[in-house]
Amino acid sequence: MNRLQKIYSYAEPNTTLVVIMAGFGYPIYYWIWQYLFPQPYENFWLRMVCSLVVMVLAFRGVMSNKLKRYLPYYYLFAIGLCLPFFFSYMMFMNNWSNVWVLSFMSSIFLHILLVYDTRVMILQAVACVTAAGFFASLDLEEGLHLSEHAIYLPIFAFTYLFGNLFYFRNQTEHEAKFSIAKSFGAGIAHEMRNPLSALLSSFEVIRSIVPNGSSSYRSSYHLNAQEVQTLNDIVEDSMKVIWAGNETIDLLLTSIDQNRVSTSTFCKHRAKQVVENAVKSFSYKNASEIRLVQLEMDNDFDYLGSDTLLKYLIYNLLKNAFRHRGMGKFTISIKSKKTADGHSILIRDSGKGIEPDLIKNIFEDFYTTGKNGTFGLGLSFCRKVMLSFGGSIECRSVHGEWTEFELKFPEYHSSKINNIKFELMKAKTVLFIGEEESEIAKELKKIGEDCELNITFVTLPEAATLEEHQFEYSLIVIDGSLDRNGWSLMTRLEGKLSFTEARIAFVYDEEAKRNLYFQRYVDIELFSRQEFLYSPTIALDYLLFDELKIDQPIQPYNEIATKRTVMIVDDNHSLRSITSIMLEKQGLHVVQAENGEIALKLLEQEDIDLILMDIEMPVLDGLSATKLIRESNASYASIPIVGYTGDKSEETVGKISEYGMNDFIVKPTPKDELIDKVAVWI
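Residues numbered from 1 in each chain as written. Predicted model: local features only at pLDDT ≥ 70, side-chain atom pairs only at ≥ 80, totals over all residues. Heavy atoms only, no water.

**Q** Teacher, can you tell me more about the packing of helix α2 (residues 44-55) against helix α4 (residues 71-93) here?
**A** For any two helices packed against each other, one specifies the inter-axial angle together with the distance between the axes. Where α2 meets α4, the axes come as close as 10 Å, and the angle between the chain directions of the two elements is 155°. Taken together, the axes of α2 and α4 lie roughly antiparallel to each other. Crossing handedness for the pair α2 and α4: left-handed. Counted together, L46, R47, V49, C50, V53 and V54 of α2 and Y74, F77, A78, L81, C82, F85, F86 and Y89 of α4 form the full contact between these two elements. (Axes fitted to C-alpha atoms, helices over the stretch in contact; angles between N-to-C directions. Helix = DSSP H or I, 4+ residues; strand = E, 2+ residues; numbered from the N terminus. Parallel < 35°, antiparallel > 145°, perpendicular 65-115°, else oblique. Left-handed = near helix turned anticlockwise from the far one by under 90°. Contact = heavy atoms within 4.5 Å.)

Shown next as structure tokens:
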């Protein structure tokens, strides 16, 4: 019954189409083969029986639950009657004519699609064709003439067998991918519950300190020094939790790409710093567990990869170690060492160990020891990560005593890493802002041709006219040979570069007397022109893959003109309130609206200088509200509107511009970036 239920559930989405095709197809083709292209034999009543049998399935939605239990059996009977039985019977009765041989071949393909289980489909085909042959032999005086037409039988058998095998393989491949996605998603969901639970606990503590609305402290409330310190500690811990949650999301977005790990974000990292951060930020169950981990990273080294992926690899190994700690004295040691061809990180625990016959399987997908809450993807994921780094992972264990994982990294300047970089560069995109005939541009063109690097060249005036979403590159190189007008354009350009995730390099002349000055919210790497031209390949390698030394001049925020009014349109009450508090502290008057419809009404009543507009809202969404504002003849038609969105995909950013928004900002937004963005527009 389970096998039949599975067949029926797979076919159910196509059942309505089958009803239409068979219910009307059988009578229609009677007319075609009887009158339009007459065939030796036709059977109107058999066609009507097949049509009525299939039409019963049209009423499956209104059947009682008792009848629905028998639908898988009925479905299999209907398909068997209408496909292998009917078409083989008609082929026999028409003396194996070309029309009916081809028709029977067509029925085979439909049969394979509608009954995907190989065993059931083959048994059904044999049974139905045999039955059709039996009834045809009773009606035919001369018999079936099987020996004369045996040439067709190998073709039918081949089509049935291999067609089904290919289709079955596609189905199993699809199920495997779906299972991986489902299991990995469940693991990510589990990881996200930890930071969310921590945030919930933090807010519960805040609620216990801060009086509620029914409290007698209506206008003011004094906190003692201990309560203030507690609140500050909670805020700091909550920020750490939020960043941990963001890292988990980053892992989901950058880790599994079918059977490999995405390498699009790979760059140079220091191993010791990443491992120390992983050990410190791991979700320990209690304080005593922290003391069980001994970190001795005496041999620090560089590796090419992702800090997020290595961190979660360490998380996985720590989690497995604690899960299998056993009853005796337990410790985890993390050490590093230099090897003949690179570096290794050794993670050793004194837990239960792994049985010898199991250790060879632990890096396979879905292999699990049966522990609750495991999906068999953790160590498989670790293996994929290390392979993407150009390294490997090995496991050694003595059952009942210890387990040691060795993470092997190649030398950063090895040929293996250079090959990975070469492949990565093919997927990188570089924007050069400056004159295309400059020395820097010419050197970039040479490298681009050698490494298949995708480079776009625009002048500074052209770049200043681009929208923010048009700066989504891996690297932006700016030629720093600027005159007074150039520096004016550069100031305009910086405001548009503030939200790109690209690395930004400003190539300047060391002998220039001008004081280099950039806005606070743009991370810019200052790179010597002389150094770039001396070795362009090394310079580009550094800019694409190394840890940049970002110029961070001390500079005050953009000044906000006070006595201005900002409207915040968002259906999230908490987000509106928090954003309002931040802007009111800057001296602004803030008006709130929970959807686009209310915003339009408030625009008729208030003089608004700027709108922060959420994109997705009930009643009237942000894009529709913006379109109505822009198309109106009111005085507020040209008011600056900044989209407030959690989705910065190319499609969404394109719609933001298309519907008339002037700019956008991505949630969640740090206070400094929010203030600077508002300052730009008011």
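**Q** Which parts of the structure should I look at to understand the UniProt feature "transmembrane region" (unreviewed entry) in the protein?
**A** Per the UniProt entry, the sites bearing "transmembrane region" (unreviewed entry) are residues 12-32, 44-62, 74-92, 98-116, 121-138 and 150-168 in this numbering. Between the first and last C-alpha atoms of residues 44-62 the distance is 29 Å; the span itself is 63% helix and 0% strand. Overall, residues 74-92 shows 100% helix and 0% strand. The separation of its end C-alpha atoms is 26 Å. (UniProt positions renumbered as here; feature names shortened; annotations may be inferred.)

**Q** What's the story with the sheet that holds strand β8 (residues 392-398) in this structure? I'm lost.
**A** Strands pair in a sheet through their backbones, by hydrogen bonds, and they do so in one of two ways: parallel or antiparallel. Here we have five strands laid out as an open sheet, ordered β4-β6-β7-β9-β8, and mixed in their pairing. The strands lining the two open edges of the sheet, one partner per strand, are β4 (293-296) and β8. When the angles between neighbouring strand axes are averaged without regard to direction, this sheet yields 20°. Pairing between strand β6 (residues 332-339) and strand β7 (residues 342-349): eight bridges, direction antiparallel. Counted as the bridge partner of S333 is R348 from β7. (Pairing = 2+ DSSP bridges.)

**Q** I would appreciate a short explanation of helix α23 (residues 671-681) in the present structure.
**A** In an α-helix there are 3.6 residues to a turn, and that puts residues three or four apart on one side. All of the buried residues along α23 are L674, I675, D676, K677, V678 and A679. Contact partners of the buried residues in α23: β16 (565-569), α19 (573-584), β18 (610-614), β19 (641-645) and β20 (663-666). (Buried < 20%, exposed > 50% of the residue type's maximum accessible area, 1.4 Å probe, protein only.)

**Q** Can you help me understand the packing of α4 against helix α6 (residues 118-139) in this one?
**A** Viewed as axis vectors pointing N to C, α4 and α6 meet at an angle of 45°, and their least axial separation amounts to 8 Å. With respect to α6, the element α4 is oriented oblique. In the crossing of α4 with α6, the sense of the turn from one axis to the other is right-handed. For the pair α4 and α6, the contacting residues are L76, I79, G80, P84, F85, S88, Y89, F92 and M93 in the first and V120, Q124, A125, C128, V129, A131, A132, G133, F135, A136 and D139 in the second. Of the residues that constitute the contact of α4 with α6, the class distribution is 15 nonpolar, four polar and one charged. (Nonpolar A, V, L, I, M, F, W, Y, C, P; charged D, E, K, R; others polar.)

**Q** Is there a simple way to explain the sheet that holds β18 in this structure?
**A** Taken in spatial order, the five strands of this open sheet run β17-β16-β18-β19-β20, and their pairing is parallel. Edge positions in the sheet fall to β17 (589-593) and β20, since each has one partner strand and no second. Averaged over neighbouring strand pairs, the angle between their axes works out to 20° when direction is ignored. Bridging between β19 and β20 involves four bridges; their strand directions are parallel. Among the inter-strand pairings, Y644 is bridged to a residue of β20, identified as I665. Packed onto the sheet, α23 meets β16, β18, β19 and β20 and runs at close to 170° relative to β20.

**Q** Any chance you could explain the packing of aromatic side chains here in plain terms?
**A** Centre-to-centre distance and the angle between the planes together describe a pair of aromatic rings. In this structure the tally under the stated criterion is 32 aromatic pairs. Here W96 and Y152 contribute two aromatic rings whose centre-to-centre distance is 5.9 Å and whose plane-to-plane angle is 10°, an arrangement assigned as stacked. Here Y152 lies in helix α7 (residues 152-209) and W96 lies in the loop between α4 and α5 (98-114), a separation of 56 residues in the sequence. On the basis of relative accessibility, which here comes to 4%, the residue W96 falls in the buried class. Both rings, one in F301 and one in F409, keep their centres 5.2 Å apart while their planes meet at 55°; by these two values the pair is tilted. (Phe/Tyr/Trp six-rings, centres within 6.5 Å; stacked < 30°, edge-to-face > 60°.)

**Q** How should I be thinking about a nonpolar patch on the surface in this particular structure?
**A** Together, I20, F24, I28 and Y29 make up an exposed nonpolar region whose accessible area comes to about 410 Å². Residue class for I20 comes out partly exposed when judged on its relative accessible area of 47%. (Patch = residues over 30% accessible without salt bridge, like charges linked within 9 Å, V, L, I, M, F, W, Y side chains within 5 Å. Areas by Shrake-Rupley, 256 points an atom, 1.4 Å probe, with all protein chains shown as cover. Salt bridge = Lys/Arg side-chain N within 4 Å of Asp/Glu carboxyl O.)

**Q** Could you clarify how one ought to interpret the pairing of β7 in this entry?
**A** Of all eight residues in β7, seven are buried; the element is thus mostly enclosed. Following β6, the chain reverses through two residues before pairing antiparallel with β7. Note: β7 against strand β9 (residues 402-410), eight bridges, orientation antiparallel. Of the residues in β9, the one forming a bridge with S344 is K408.

**Q** Sorry if this is basic, but what is going on with the state of the cysteines here?
**A** Disulfide: a covalent bond formed between the sulfur atoms of two cysteine residues. What the rule picks out here adds up to zero disulfides. In this structure C50 is not part of a disulfide, and its nearest cysteine sulfur, from C82, lies 4.2 Å away. Looking at the unpaired C128, the closest cysteine sulfur is the one in C82, lying at 10.0 Å. (Disulfide = S-S within 2.5 Å.)

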